Amino acid sequence: MEVSGEGREIRRDGGHARGSSRVAATEDEIDGMHAAKAVSAENTDVNEDKSCSQPQEQKISTSIQKPGWKRFLAHVGPGFLVSLAYLDPGNLETDLQAGANHKYELLWVILVGLVFALIIQSLAANLGVTTGKHLAELCKAEYPRFVKYCLWVVAELAVIAADIPEVIGTAFALNILFHIPLWAGVLITGLSTLLLLGLQRYGVRKLELLISILVFVMAACYFGELSYVKPPASEVMKGLFVPKLSGNSATSDAIALLGALVMPHNLFLHSALVLSRKTPPSVKGINDACRYFLVESGFALFVALLINIAVVSVSGTVCTADNLSSEDSDRCSDLTLNSASFLLKNVLGKSSSIVYGIALLASGQSSTITGTYAGQYIMQGFLDIKMRMWLQNLMTRCVAIGPSLIVSIIGGSAGAGKLIIIASMILSFELPFALIPLLKFSSSKTKMGPHKNSIYVIVVSWVLGFGVIGINIYFLSTSFVDWIIHSSLPKPVIILVGIIVFPFMAVYILAIIYLTFRKDTAVTFIDKSDSSQIEMENGMRRSDGNRGTEVVPYRVDLADIPLPD
């Protein structure tokens, strides 16, 4: 028989008991005396533990008894920060062009896109809450080294593609406000990192609040213009609920809209942001947190849906009006972020360009925050490298400035507007490499345990996901074949391009098939089927097996996220 030095554990023949008042019977009287002393010491320690833990238990009990709305407010933040990405210059550009070219016909794409975004963003939040790890960390744990590095490269390219609209949008805003040439504005956007850091010294929460206010000022302007132009409600509702693709550019514009709405880097971001919240390690605590994050994301994305609908409706109504001037007609035929301020002149008059420029600048900077955080978590999750945020943002910005600068010099504002569309399409093509791992992990019992997706969520999410992937593959193949048929380039050049592109398309499809059908091997969920789970449900046991009422420790490395507590 062995008695521990602290009097906390008693062992005999390999058996042990902790926190128990039972002592195994012994044949030796001396051993009985030792056991009695051990029990006495243990009871003393238990009494001391109880007396010390009473204030903490009272504090936790008070926290548990908080009203539901207070517990909900404690979870508010991640969804609203993520929703800023749905109001960035890329979304505004695609919305404006969709309205000018197709009136209200593509509103259904926005509705489907944001409903799909709500589903996958809630899945990303559930994944982080349940596993305690974000999507990039789970990808690193699950996939082989080569696949892991490929997914990391694709994720970083997605962050860069999302940063291109911000670069061009900020350059447009500087051109509107200060008449700075577009190429010079692109270079100046490299300094926005320093501006962001300077404002962070006053508190990032204040910065986020300022940006949100300015973005919603622009939204108020479009809602005001919407009430002035009064688009036919029947046509708007028809555009929302009746799918239709008519015209030569309808398919490409629809894919650009979808790519601007459903961003792959947002999935990495949302799964990491929720880890800054303290969640009880019980089934009820996890379910409550998932429900709060779903409600918050639903409200934030509903606001984003209304704003996007307003932008498309205003653009479609103004550009198809019978009394449209020849000057405005020319602008509508080649509508860009740089020329869209005239849409608000009915509400703001001569100051429309100033207010629009300020709001566009704020919209561009809002995507800086989401892109910077997403890049940080992607690098930390895949490579275990935690880079300073200003350095991460500066590197991403320098890569994004390259193509933006070339296009702005050669093609001007029209070329820069087309580059935003191309960046949105790139995001759409990169979506499967974040979406498929998310759908698989959130539907896996080895990852989520009893919190895995229900059969209904699995069916809906996979159908929508493969619908988007199928549309991307169809558009990629048909567009490329059509370009080859009608291209005026010399035949040797066309053959060379085909030799390069067709294998790339084959690799793209094979990679999607591999990610879809590969069997998961990493186990991140530990089943607690014994009585300790019941005690955890009642707040009487911690996740490490010891008694107590503490909530599970949240991620210390994510505790500095500037979100409300």
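Reading the values: rules and limits
Residues numbered from 1 in each chain as written. Predicted model: local features only at pLDDT ≥ 70, side-chain atom pairs only at ≥ 80, totals over all residues. Heavy atoms only, no water. UniProt positions renumbered as here; feature names shortened; annotations may be inferred. Phe/Tyr/Trp six-rings, centres within 6.5 Å; stacked < 30°, edge-to-face > 60°. Helix = DSSP H or I, 4+ residues; strand = E, 2+ residues; numbered from the N terminus. Buried < 20%, exposed > 50% of the residue type's maximum accessible area, 1.4 Å probe, protein only. Lys NZ or Arg CZ within 6 Å of the ring centre and 35° of its normal. Patch = residues over 30% accessible without salt bridge, like charges linked within 9 Å, V, L, I, M, F, W, Y side chains within 5 Å. Areas by Shrake-Rupley, 256 points an atom, 1.4 Å probe, with all protein chains shown as cover. Salt bridge = Lys/Arg side-chain N within 4 Å of Asp/Glu carboxyl O. Core = buried A, V, L, I, M, F, W, Y, C linked by side-chain atoms within 4.5 Å. Contact = heavy atoms within 4.5 Å. pLDDT = per-residue confidence, 0-100. Disulfide = S-S within 2.5 Å. Axes fitted to C-alpha atoms, helices over the stretch in contact; angles between N-to-C directions. Parallel < 35°, antiparallel > 145°, perpendicular 65-115°, else oblique. Left-handed = near helix turned anticlockwise from the far one by under 90°. Nonpolar A, V, L, I, M, F, W, Y, C, P; charged D, E, K, R; others polar.

In the nomenclature of an unreviewed UniProt entry, the chain is known as Metal transporter of Musa troglodytarum. On record in UniProt, under Subcellular location (unreviewed entry), the comment for the chain is "Membrane". What UniProt states about the chain under its Sequence similarities (unreviewed entry) heading is, verbatim, "Belongs to the NRAMP (TC 2.A.55) family."

**Some details on the packing of aromatic side chains**
On inspection of all chains with the given rule, the structure shows four aromatic pairs. Seen from their ring centres, Trp-462 and Phe-466 are 5.5 Å apart, and the 20° between their planes marks the pair as stacked. Of this pair, Trp-462 and Phe-466 both sit in helix H21 (residues 455–486), four residues apart, which is roughly one turn of that helix. Of the residues examined, Trp-462 reaches a relative accessible area of 18% and is grouped as buried. Over the aromatic face of Tyr-149 sits the side chain of Lys-148, whose NZ or CZ is 4.8 Å from the ring centroid. Over the face of the ring belonging to Tyr-292 we find Arg-291, whose NZ or CZ atom lies 5.6 Å from the ring centre.

**Some points on a nonpolar patch on the surface**
Taken together, the side chains of Trp-183, Leu-187, Ile-406, Ile-409 and Ile-410 present a nonpolar region at the surface, about 560 Å² in accessible area. For the nonpolar patch, the elements supplying multiple residues, two or more each, are helix H8 (182–188) and helix H18 (389–430). Among the elements that make up the nonpolar patch, the one with the highest residue count is H18 (three residues). Within the secondary structure, Ile-409 is located in helix H18.

**Digging into the pattern of salt bridges**
For the structure shown, the criterion picks out eight salt bridges. Measuring nitrogen to oxygen at the nearest pair gives 3.7 Å for the salt bridge that ties Glu-105 to Lys-244. Taken together, the positions of Glu-105 in the loop between helix H4 (89–102) and helix H5 (107–131) and Lys-244 in the loop between helix H11 (233–241) and helix H12 (250–261) put the pair 139 residues apart, joining distant regions of the chain. Using a relative accessible area of 24% as the deciding quantity, one classes Glu-105 as partly exposed. In this structure, Lys-140 engages Asp-384 in a salt bridge whose closest nitrogen and oxygen atoms are separated by 2.3 Å. One end of the pair, Lys-140, is in helix H6 (residues 135–142); the other, Asp-384, is in the loop between helix H17 (352–383) and H18, with 244 residues separating them in the sequence. It is possible to trace a salt-bridge network through shared partners that takes in Glu-142, Lys-447 and Arg-518.

**Focus: the nonpolar core**
If you look at the biggest cluster of nonpolar residues, it comprises 116 residues, and the most contacted ones within it are Leu-96, Leu-343 and Tyr-356. With 13 residues, the single largest contributor to this core is H5. Aside from chain neighbours lying at most four places away, what touches Tyr-356 is Leu-96, Ile-176, Tyr-222, Leu-337, Ala-340, Ser-341 and Leu-344. Counting residues in hydrophobic clusters, the runner-up holds seven residues, among them Ala-125, Val-274, Ile-286 and Phe-293.

**Notes on the confidence of the model for the chain**
One rule of thumb: low pLDDT means the predicted coordinates there are not for detailed reading. Chain-level pLDDT for the chain is 75 on average; 75% of the residues reach the 70-or-more range. Every residue in residues 528–554 is under pLDDT 50, and counting partners more than four places away or in other chains gives 46 contacts. Predicted confidence for residues 559–565 stays below pLDDT 50, and this span has 25 contacts to residues more than four positions away or in other chains.

**Topic: the state of the cysteines**
A complete count under the given rule lists one disulfide for this structure. The side chain of Cys-319 participates in a disulfide bridge whose partner is Cys-332; the two sulfur atoms lie 2.1 Å from each other. Classification of the bridge connecting Cys-319 and Cys-332 rests on its S-S torsion, roughly -80°, and on that basis the disulfide is left-handed. Here Cys-319, found in helix H14 (residues 283–319), pairs with Cys-332, found in helix H15 (residues 326–333); they are 13 residues apart in sequence, far enough to count as distant. Here Cys-319 falls in the buried class, since its relative accessible area comes to 13%.

**Points about the side chain of Ser-271**
Looking at the element boundaries, Ser-271 is found in helix H13 (residues 264–273). Apart from residues no more than four positions distant in its own chain, Ser-271 is found in contact with Ala-124, Gly-128, His-134 and Leu-135.

**Points about the environment of Ile-420**
In this fold, Ile-420 is placed in helix H18. In the structure, Ile-420 is positioned 329 residues away from Asn-91 in sequence and 9.2 Å away in space, judged by C-alpha atoms. With residues near it in sequence (within four places) discarded, Ile-420 still touches Pro-89, Gly-90, Glu-93, Pro-165, Ile-168 and Leu-337.

**Quick notes on the packing of H5 against H21**
Contact geometry for H5 and H21: axes closest at 11 Å, N-to-C directions at 120°. Regarding the angle of H5 to H21, the classification is oblique. Seen along the crossing, H5 lies across H21 with a hand that is left-handed. Contacts between H5 and H21 involve Phe-116, Ile-119 and Leu-123 from the first element and Val-457, Val-460, Ser-461, Leu-464, Gly-465 and Val-468 from the second. In terms of residue class, the contact of H5 with H21 is made up of seven nonpolar, two polar and no charged.

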